[in-house]
Amino acid sequence: MTDRDSGVRDGAADDGGEGDRGGDFEGPPSVSAAVAAGAALFNEGHVLAAHDPWEAAWLPLDEGDDERLLHGLIAAAAATHHATERNWSGATGCAANAVRYLGGLDGGPTRDADAGARGVDVATVREWCRRLAADPETVERAGPPPIRVDGAAPGFEDLDLAAALLAAPALAEAVDHADEETFETAASLAREERGTGRTRFAELLFAFLREPDARPQVAARLADHVELAERKRRDVDDLF
């Protein structure tokens, strides 16, 4: 089965030529892939897990719009999580930080490298955080609005390969169906499959994201395939 046949899509064009995981999958994650992965996790109800792909892309960044955007989204997710856990002081502090980081960013309808907000509807996120900062108990009366990117609220069905490989390990940790390290290894193996015509690991990671009822079974199959791949790699290493 080819990448096209399986629905596995390359995220290389999403970052305006960034030479990272949005393209060749080497180096730190692409900002656009991380934005999409985190937004999907947030929109699917895994608010705290959304922090993981955003932070992975944020840590290597220097100051600038991308750094502020990701920092603001991280703080927004933390604020929402704290409010859900009734940690009112944590919620208000993180929400105020999110408002500050996201101030002045334009949520335009483009994900070009020159667009500071990467297509994110920053205004809605900022307004939600203003509400939390003023009254964190608002989360008990109304849930957070979805994070919209390029005018749509992405879910797991909408992710391309680059974003899915960031979202799946974070989701695995959140739902306790599998070891996050196993999923990180599976994501690396899926990147190695790219261009070979093989899509086993990518397909399983997509299935884990998109088929909630089957997640325990998919996680078990993925762990078996990871163990087999690592055993083959050790066997090859032992020959030299």
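The structure we're discussing is the one just above.
Time to look at helix α4 (residues 65-84). In a regular helix each residue adds 1.5 Å, so 20 residues correspond to 28 Å; α4 covers 28 Å between its end C-alpha atoms and thus fits that length. The buried count for α4 comes to 15 of 20 residues, which makes it a mostly enclosed element. Directly beyond the C-terminal end of α4, a positive phi value near 65° is found at R86.

Judged by nonpolar contacts, the single largest core of 76 residues is most densely connected at W54, L159 and L205. Setting aside residues up to four positions removed in sequence, L205 forms contacts with L165, A168, F183, A186, A187, A190 and L222.

With that out of the way, let us pick up the packing of aromatic side chains. One pass over the full model with this rule turns up 1 aromatic pair. Sitting over the ring of Y101, R100 keeps its end group 5.1 Å from the ring centre. It is R215 that lies over the ring of F208; its NZ or CZ is 5.8 Å from the centre.

A few words now on a negative patch on the surface. On the surface, D179, E181, E184 and E230 cluster together into a negatively charged patch. As for its placement among the helices and strands, D179 is situated in the loop between α7 (161-175) and α8 (180-193). Take D179: its relative accessible area is 43%, and that puts it in the partly exposed class.

Computed from the structure, the largest pocket encloses a volume of approximately 280 Å³. Lining the largest pocket are L189, E192, E193, R198, R200, F201, H225, L228, A229, K232 and R233. Elements with a contribution of two residues or more to the lining of the largest pocket: α8, α9 (200-210) and α10 (215-238). Per-element accounting of the lining of the largest pocket gives the leading share, 5 residues, to α10. Its residues placed into classes, the lining of the largest pocket shows 4 nonpolar, 1 polar and 6 charged.

Before going further, it helps to spend a moment on helix α2 (residues 31-43). With 13 residues, α2 should cover 18 Å at 1.5 Å per step; its first-to-last C-alpha distance of 18 Å lies within 8% of that length. The element α2 is extensively covered by neighbouring structure, given that 12 of its 13 residues are classed as buried. Regarding α2, the residues found buried are V31, S32, A33, A34, V35, A36, A37, G38, A39, A40, L41 and F42. Close packing links the buried residues of α2 with α3 (51-58), α4 and α7. Phi turns positive, to about 95°, at G45, one or two residues after α2.

On the surface, a cluster of positive charge is made up of R198, R200, R221 and K232. Judged by its relative accessible area of 52%, K232 is exposed.

This part is about unusual backbone geometry. The backbone of R86 shows a phi angle near 65°, a positive value even though the residue is not glycine. Among the structural elements, R86 can be located in the loop between α4 and α5 (88-102). Of note, D150 is a non-glycine position whose phi angle comes to about 55°, a positive value. Note on placement: D150 falls in the loop between α6 (122-134) and α7. When its relative accessible area of 36% is taken as the criterion, D150 is described as partly exposed.

Running from N to C, α7 and α8 point in directions that differ by 165°, and their axes come no closer than 8 Å. Taken together, α7 and α8 sit at an angle that is classed as roughly antiparallel. Taken as a pair, α7 and α8 cross one another with a handedness that is right-handed. Contacts between α7 and α8 involve L165, L166, A168, P169, A172 and E173 from the former and E180, F183, E184, A187, A190 and R191 from the latter.

Reading the values: the criteria
- Residues numbered from 1 in each chain as written.
- Predicted model: local features only at pLDDT ≥ 70, side-chain atom pairs only at ≥ 80, totals over all residues.
- Heavy atoms only, no water.
- Helix = DSSP H or I, 4+ residues; strand = E, 2+ residues; numbered from the N terminus.
- Expected span 1.5 Å × (residues − 1).
- Buried < 20%, exposed > 50% of the residue type's maximum accessible area, 1.4 Å probe, protein only.
- Core = buried A, V, L, I, M, F, W, Y, C linked by side-chain atoms within 4.5 Å.
- Contact = heavy atoms within 4.5 Å.
- Phe/Tyr/Trp six-rings, centres within 6.5 Å; stacked < 30°, edge-to-face > 60°.
- Lys NZ or Arg CZ within 6 Å of the ring centre and 35° of its normal.
- Patch = residues over 30% accessible without salt bridge, like charges linked within 9 Å, V, L, I, M, F, W, Y side chains within 5 Å.
- Areas by Shrake-Rupley, 256 points an atom, 1.4 Å probe, with all protein chains shown as cover.
- Salt bridge = Lys/Arg side-chain N within 4 Å of Asp/Glu carboxyl O.
- Lys, Arg positive; Asp, Glu negative; His and termini not counted.
- Charge placed at Lys NZ, Arg CZ, Asp CG, Glu CD.
- 1 Å grid on protein atoms, 1.4 Å probe; cavity = no way out; pocket = protein on both sides within 12 Å on 5 of 7 lines; lining within 4 Å.
- Points joined across faces, edges and corners; volume = space filled by probe spheres on them.
- Nonpolar A, V, L, I, M, F, W, Y, C, P; charged D, E, K, R; others polar.
- Axes fitted to C-alpha atoms, helices over the stretch in contact; angles between N-to-C directions.
- Parallel < 35°, antiparallel > 145°, perpendicular 65-115°, else oblique.
- Left-handed = near helix turned anticlockwise from the far one by under 90°.

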